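Chain residues, written in single-letter form:
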Amino acid sequence: QVQVVESGGGLVQPGGSLRLSCAASGSIFMIYTMGWHRQAPGKQRELVATITSPGITNYADSVKGRFTISRDNAKNTVYLQMNSLKPEDTAVYYCSAKVRTHRGSIDDYWGQGTQVTVSS
């Protein structure tokens, strides 16, 4: 079994910064792509950023130049540094991890989400 837990959300003023963290634990043999997604009220969940095991990144156009995704493979952890935050970044942010378990299965695991609110 694999657990994925996010932390670091909160309330921040427009123009401010936040750093989200996400740690995966459990029966992990290898983690492939890790990512961040978000869902605003009344909207569908959308991709924010992803990072592969070697470190190749991909960003949504709306966050390019403001957000940075990184990971620490030794800690099975992924981070999202969010700068120049805008009210439209307000959403629940979810972490995902594509994991190969020790049993050999490969599945996507999701965290419970962490709220980010950008407001003055």
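Residues numbered from 1 in each chain as written. Predicted model: local features only at pLDDT ≥ 70, side-chain atom pairs only at ≥ 80, totals over all residues. Heavy atoms only, no water.

**Some points on the packing of aromatic side chains**
And step 1. Taken as a whole, this structure holds zero aromatic pairs when the rule is applied.
And step 2. In this structure, arginine 19 packs its charged tip against the face of tyrosine 79, placed 4.1 Å from the ring centre.
And step 3. In this structure, arginine 45 is placed above the aromatic ring of tyrosine 94, and the distance from its NZ or CZ to the ring centre is 3.7 Å. (Phe/Tyr/Trp six-rings, centres within 6.5 Å; stacked < 30°, edge-to-face > 60°. Lys NZ or Arg CZ within 6 Å of the ring centre and 35° of its normal.)

**A word on unusual backbone geometry**
And step 1. For asparagine 76, which is not glycine, the phi torsion reads 50 degrees and is therefore positive.
And step 2. Of note, asparagine 76 is situated in the loop between β7 (67-72) and β8 (77-82).
And step 3. One non-glycine residue, serine 84, lies in positive phi territory at about 50 degrees.
And step 4. Structurally, serine 84 can be placed in the loop between β8 and β9 (91-101). (Helix = DSSP H or I, 4+ residues; strand = E, 2+ residues; numbered from the N terminus.)

**Focus on the state of the cysteines**
And step 1. Inspection of the entire model under this criterion finds one disulfide.
And step 2. Between the sulfur atoms of cysteine 22 and its disulfide partner cysteine 95 the distance amounts to 2.0 Å. Of note, the bridge from cysteine 22 to cysteine 95 carries an S-S torsion of about -80 degrees and is left-handed in sense. Of this pair, cysteine 22 sits in strand β3 (residues 18-26) while cysteine 95 sits in strand β9, placing them 73 residues apart in sequence. Of the two residues, cysteine 22 and cysteine 95, neither departs from the other in class, the shared state being buried. (Disulfide = S-S within 2.5 Å. Buried < 20%, exposed > 50% of the residue type's maximum accessible area, 1.4 Å probe, protein only.)

**A closer look at the sheet that holds β8**
And step 1. What the four strands build is an open sheet, ordered β1-β3-β8-β7; its pairing is antiparallel. The sheet is open, and its two edges are formed by β1 (2-7) and β7, each paired on a single side. Taken pair by pair, the neighbouring strands of this sheet meet at an average axis angle of 15 degrees, ignoring direction. (Pairing = 2+ DSSP bridges. Axes fitted to C-alpha atoms, helices over the stretch in contact; angles between N-to-C directions.)

**A word on the environment of serine 27**
And step 1. With respect to the helices and strands, serine 27 occurs in the loop between β3 and β4 (28-39).
And step 2. The partly exposed category is assigned to serine 27, whose relative accessible area is 22%.
And step 3. C-alpha of serine 27 to C-alpha of glutamine 1: the two residues are 26 residues apart in sequence and 5.5 Å apart in space.
And step 4. When near neighbours in sequence (up to four residues on either side) are disregarded, serine 27 contacts Gln1, Val2, Arg100, Thr101 and His102. (Contact = heavy atoms within 4.5 Å.)

**Let's talk about the pairing of β1**
And step 1. Burial along β1 is one-sided: the face carrying Val2, Val4 and Glu6 is buried and the face carrying Gln3, Val5 and Ser7 is not.
And step 2. As defined by bridge partners, β1 adjoins β3 across six bridges and the pair is classed as antiparallel. For valine 4, the partnering residue across the bridge sits in β3 and is alanine 24.

**Description of the pattern of salt bridges**
And step 1. Considering all chains together, one arrives at five salt bridges under this definition.
And step 2. Between arginine 38 and glutamate 46 there is a salt bridge; the shortest N-O distance is 2.7 Å.
And step 3. In this structure, arginine 38 and aspartate 89 form a salt bridge, with 2.9 Å as the shortest nitrogen-oxygen distance. Here arginine 38 is found in strand β4, whereas its partner aspartate 89 is found in the loop between β8 and β9, with 51 residues between them in sequence.
And step 4. Residue arginine 38 is classed as buried on the basis of its relative accessible area, which comes to 5%.
And step 5. Of the residues examined, aspartate 89 reaches a relative accessible area of 1% and is grouped as buried.
And step 6. Here the salt bridges do not stand alone but share partners, grouping Arg38, Glu46, Arg66 and Asp89 into one network. (Salt bridge = Lys/Arg side-chain N within 4 Å of Asp/Glu carboxyl O.)

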